[in-house]
Amino acid sequence: MAAVAKNLRAEAEDGEPQQNAVPGLESQRWQIENGEDGRERPLRAGESWFLVEQRWYKQWEVYVQGGDKDSSTFPGCVSNAKLFEDEVNWHLKKGLVEGEDYVLLPAAAWHYLVSWYGLKHGQPPIERKVVELRGICKVEVYPVELLLVQHSDMETPHTAQFSHTDSIDRVLRTAREQFLVSPQEETRLWVRNAEGSFERLCNTRVTVLDAALKSGQLVVMETRSKDGTWPSKQPRAVSATSKEDENFQGQPGICGLTNLGNTCFMNSALQCLSNVPQLTEYFLKNRYLEELNFCNPLGMKGEIAEAYADLVKQAWSGHHRSIVPNVFKTKVGHFASQFLGYQQHDSQELLSFLLDGLHEDLNRVKKKEYVELCDAAGRPDHEVAQEAWQNHKRRNDSVIVDTFHGLFKSTLVCPDCGNVSVTFDPFCYLSVPLPVSHKRVMEVFFVSMDPRRKPEQHRLVVPKKGKISDLCVALAKHTGVSPERMMVADVFSHRFYKIYQLEESLSSILDRDDIFIYEVSGRSSITENTKEDVVLPIYLRERTPARDYNNSYYGLMLFGHPLLVSVPRDRLSWDALYHILLYRLSRYVTKPSSDDEDDGDEKADTEGKNGIPKPGNGGAAGSAQDPVPEQAGPSSGVAGGSRALADNSPGPSHWPQRARRKHLFTLQTVNSNGTSDRSNLNEDTQAQPYIAIDWEPEMKKRYYDEVEAEGYVKHECVRYVLKKAPVRLQECIELFTTVETLEKENPWYCPSCKQHQLATKKLDLWALPETLIIHLKRFSYTKFSREKLDTLVEFPIRDLDFSEFVIKPQNESAPELYKYDLIAVSNHYGGMRDGHYTTFACNKDSGQWHYFDDNSVSPVTENQIESKAAYVLFYQRQDVARRLQPKPQQGSSDPPESPACDSPPKPELMDIN
């Protein structure tokens with residue numbers, strides 16, 4: 001016994017010092033094999049086990065089973081020499097097999113053996129963790145060995161081992177520790193895949209196993225530059241920055257955005273959102289990194305949040321005059337196909353998408369539970385509102401909810417049974433209507449029967465829901481001509497696109513339509529058996545050579561403005577019509593002299609008895625050509641408007657024969673398009689009695705004055721600028737909370753009546769958010785028209801008081817909870833089909849207002865902010881503003897320099913951290 005103890009002590013001098021008295025051999029075997037901490041016990045995830053060389057362990061088993069402590073089978077110190085590739089780096093050999101090369105012992109058993117027999121001098125213990133993979137616990141003998149490098153030094157890797165269950169965040173922390181990165185610097189990881197390209201390790205909360213990292217893979221740590229950009233999109237492609245830009249230092253946040261092609265709407269929305277202080281601080285201080293939600297099926301896998309964070313960090317670094325938001329634009333187009341390409345869009349629509357995308361990407365609720373919406377059912381408002389808000393927060397909890405979400409009270413009343421439904425719904429912004437005028441301004445051209453008078457342009461004020469007769473009545477006040485002697489027509493491409501009836505609605509006329517109102521005689525009393533005048537639509541055409549190989553084929557091309565001409569029924573002859581039209585055109589058509597009329601009549605012989613050219617005539621009307629593509633035909637209103645004329649005017653077969661003498665032009669019956677088909681000419685002209693004045697090019701050039709024909713005068717009413725009275729923002733909010741009746745397209749299902757009803761609806765404000773977005777509904781869409789309301793909305797810069805609109809019982813001791821200050825405005829200039837977006841925004845650090853017009857930024861004063869272009873308003877609650885207000889800076893009160901200026905930066909602005 002003394003010899004054994006001596007030997008153990010001798011061996012222990014080369015290994016671990018003995019901690020306990022050595023038990024008997026049988027006791028040793030039981031503790032290691034079958035004891036409470038023996039190798040037969042089950043694995044538990046997270047605990048440590050140790051590898052022991054199989055040869056040494058078998059020798060130990062022989063020794064303890066022999067029962068003789070003085071036996072020659074004594075195994076000596078624990079040695080794992082055969083498990084290592086070398087004795088320098090102590091790397092484990094590849095392909096080792098449990099039961100053949102090594103055995104596994106729990107930590108307690110390992111420490112027993114080392115305390116009894118010692119460990120070979122210099123050898124490290126081979127400790128491995130128990131991991132649970134797919135529900136099965138196993139000892140991770142071979143952890144993942146990753147090669148860590150910095151993006152700035154790809155040639156110097158550092159080897160680090162990680163368990164398959166370690167998070168990517170631990171890999172990132174290990175890399176930061178290895179490369180001595182300061183806590184203030186932001187970093188991210190890339191991994192090189194089998195193809196040699198690099199992929200982002202976006203979600204740092206997943207495990208090494210879930211990220212599919214393998215031993216030997218290169219992991220690159222990239223550090224964000226001081227200007228807010230990443231050195232490269234991929235680590236191998238480091239972007240170059242000009243020396244001038246590297247040295248630039250301006251006011252953080254005063255940074256333009258390049259227009260990529262009709263992306264001013266996006267730039268405007270981004271500048272507004274960038275100047276919401278608490279949201280920008282959230283991103284600048286990297287609080288978003290802990291809340292990125294990569295598994296939300298309603299989100300964008302964190303990509304929108306990261307792309308927006310990159311923009312904010314660049315804009316607020318103070319190192320850029322302007323930045324190019326192409327990566328953000330690509331991300332937006334990827335997740336919202338309506339924003340693909342470079343078409344113009346609405347800044348409010350993009351803002352709505354962006355707020356929703358940021359919310360879902362940063363939603364703290366990882367698994368949304370089903371929440372049933374409950375009606376008030378007679379309960380107190382405060383109880384129902386609290387329940388609704390709690391239900392909302394159970395599924396939606398993010399910085400967007402914290403900053404922008406408020407609560408509506410919606411009240412629906414059934415018109416039949418009087419059932420009242422009260423619900424509380426969250427909102428992200430208020431879309432408030434503008435008071436709409438019931439009047440409409442229309443511009444028309446009045447064509448008098450007096451040929452000496454030029455057409456007059458008039459600007460008329462008519463009822464928005466009025467009729468054509470209202471338009472005629474308004475014009476009669478300016479001209480003195482009776483409305484009964486007017487005909488209204490839409491002229492398009494030298495044709496009558498539509499001739500209107502008096503009872504038709506004005507809503508069918510668009511602002512861009514060219515409306516002509518013609519003076520006629522006896523228009524409303526045309527009947528079959530009366531002797532009143534007949535009104536004939538007149539077109540002007542010019543005979544031109546068509547594209548034909550022998551130039552023997554001629555076409556007819558419409559030109560000028562068409563006419564509506566009154567012709568006495570008893571003068572319906574070609575010759576009489578010719579002279580009537582010559583009289584109507586006398587202002588711009590020169591009457592030929594007697595010598596001109598005696599030049600001969602070569603063409604007269606080619607005409608038939610009824611004045612219609614014979615089929616062999618080269619000027620066949622059936623081959624008329626027009627540079628403007630022919631319409632499919634006028635709308636039904638054209639035929640309807642002309643049918644009365646057709647029914648009360650004789651067809652060509654009834655017209656008297658035309659006199660044979662030289663004329664300036666010839667007359668031809670045509671259809672409403674200004675063309676005719678010989679095969680069914682009579683039938684067509686019976687239905688639509690349109691007359692075409694056909695000119696030969698030489699005669700037109702000689703007798704037709706085009707400049708005079710296109711001339712017109714402006715009535716004095718056109719010079720008047722119709723001013724719209726401005727409205728207060730409070731009026732818009734009051735209109736928003738007014739009771740309205742649901743439209744037929746959107747009825748409400750009454751649970752009491754068990755049927756859909758056109759209920760009355762009222763929205764009230766219950767709780768307002770920290771930052772309130774107010775969308776002015778300037779764009780109006782109806783079945784027939786689209787228009788932009790350019791009404792001036794007067795909105796306060798400070799102290800917008802909502803206390804009169806919030807119906808929740810108020811805290812009178814804290815009035816700042818209901819008062820708001822303006823922080824940003826998205827502007828829209830122009831009309832419906834084209835326009836431009838800009839931004840006014842107040843810098844959170846300096847308090848100075850700036851005007852952002854794409855990549856141009858300039859300081860402005862507060863009295864420049866209010867305009868007719870204001871479209872989306874951003875207001876911040878005063879208690880939040882005071883909480884976030886920076887400490888006043890010492891020195892001059894002058895506004896900070898715009899980044900467009902090259903003046904040296906102020907010293908207090910140099911520290912961007």
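Please read all numbers here as calculations on a predicted model, not as lab measurements.

About the thresholds
The written sequence of each chain sets the order in which its residues are numbered from 1. Local features in a predicted model are, by the rule used here, given only for residues with pLDDT of at least 70; side-chain atom pairs are given and counted only at 80 or more, and totals for whole chains, interfaces and linings are based on all residues. Side-chain figures throughout are based on the complete set of non-hydrogen atoms in the structure, without hydrogens or water. Helix and strand labels come from DSSP, where a helix needs a run of H or I of at least four residues and a strand needs a run of E of at least two; each type is numbered from the N terminus. Throughout this description, buried means an accessible area under 20% of the type-specific maximum (1.4 Å probe, protein chains only), exposed means over 50%, and partly exposed covers the range between. The contact criterion used throughout is that any non-hydrogen atoms of two residues lie within 4.5 Å. Only the protein chains shown count as cover for residues, and all accessible areas are computed by the Shrake-Rupley method using a 1.4 Å probe. Two kinds of site are reported from a 1 Å grid over the protein atoms alone, namely cavities, where a 1.4 Å probe fits but cannot get out, and pockets, open sets with protein on both sides within 12 Å along at least five of seven lines, and residues are called lining when an atom falls within 4 Å of a point. Grid points are joined across faces, edges and corners, and a volume is the space filled by probe spheres set on the points. Each residue gets one of three labels, nonpolar for Ala, Val, Leu, Ile, Met, Phe, Trp, Tyr, Cys and Pro, charged for Asp, Glu, Lys and Arg, and polar for the others, Gly among them. Strand pairing follows a simple DSSP-based rule, namely that at least 2 bridges must link the two strands. Only the stretch in contact is used when a helix axis is fitted, and all axes are lines through C-alpha atoms; the angle between N-to-C directions ranges over 0 to 180 degrees. One less than the residue count of a helix, multiplied by 1.5 Å, gives the span that helix is expected to have. Roughly parallel means an angle under 35 degrees; roughly antiparallel, over 145; roughly perpendicular, 65 to 115; everything else is oblique. Here a crossing is called left-handed whenever its near helix is offset anticlockwise from the far helix by less than a right angle, and right-handed whenever the offset is clockwise.

Enquirer: Just give me the short version of the overall build of the protein chain, but keep the residues and values in it.
Expert: Within the protein chain, the secondary structure is distributed over 23 helices and 39 strands. For the protein chain, the residues scored as buried account for 49% of the 913 residues in total. If you take every contact in the protein chain between residues at least 6 apart in sequence, the share linking residues at least 24 apart comes to 72%. Accessible area of the protein chain: about 45,400 Å², with a carbon and sulfur share of 49%.

Enquirer: Explain empty space enclosed by the protein to me, and be specific about the residues and the numbers.
Expert: If you roll a probe as big as a water molecule over the atoms, it shows you where there is empty space left. Using the criterion set out here, one finds 7 cavities of 30 Å³ or more in the structure. Lining the largest cavity are 19 residues, and of these Val-447, Pro-455, Leu-563, Arg-587 and Tyr-588 lie nearest its centre. Listing elements by their share of the lining of the largest cavity, those giving two or more residues are β19 (515–519) and β21 (554–567). At 4 residues, the largest contribution of residues to the lining of the largest cavity is made by β21. Grouping the amino acids of the lining of the largest cavity by side-chain chemistry returns 11 nonpolar, 3 polar and 5 charged.

Enquirer: Explain the sheet that holds strand β6 (residues 153–162) to me, using residue names and the numbers behind them.
Expert: Taken together, the 5 strands give an open sheet; going across it, the order is β6-β5-β9-β7-β8, and neighbouring strands pair in mixed fashion. Across the chains shown, the open sheet's two edge strands, defined by having one partner strand only, are β6 and β8 (198–200). Between one strand axis and the next, the sheet turns through 35° on average, direction left out of account. As paired elements, strand β7 (residues 187–192) and β8 share 3 bridges and run antiparallel to each other. Among the inter-strand pairings, Trp-190 is bridged to a residue of β8, identified as Arg-200.

Enquirer: Explain helix α3 (residues 54–66) to me, and be specific about the residues and the numbers.
Expert: Its 13 residues place the ends of α3 18 Å apart at the C-alpha level, agreeing with the 18 Å of an ideal helix rising 1.5 Å per residue. Downstream of α3 by one or two residues, Gly-67 has phi in the positive range, about 75°.

Enquirer: Explain the packing of helix α9 (residues 303–315) against helix α11 (residues 347–361) residue by residue, including any values.
Expert: Between α9 and α11, the least distance of the axes is 8 Å, while the angle of their chain directions is 110°. Accordingly, the angle class assigned to the pair α9 and α11 is roughly perpendicular. Of the two possible hands of crossing, α9 and α11 adopt the one that is left-handed. On α11, the residues touching Glu-303, Ile-304, Ala-305 and Tyr-308 of α9 are Phe-353, Leu-354, Gly-357, Leu-358 and Asp-361.

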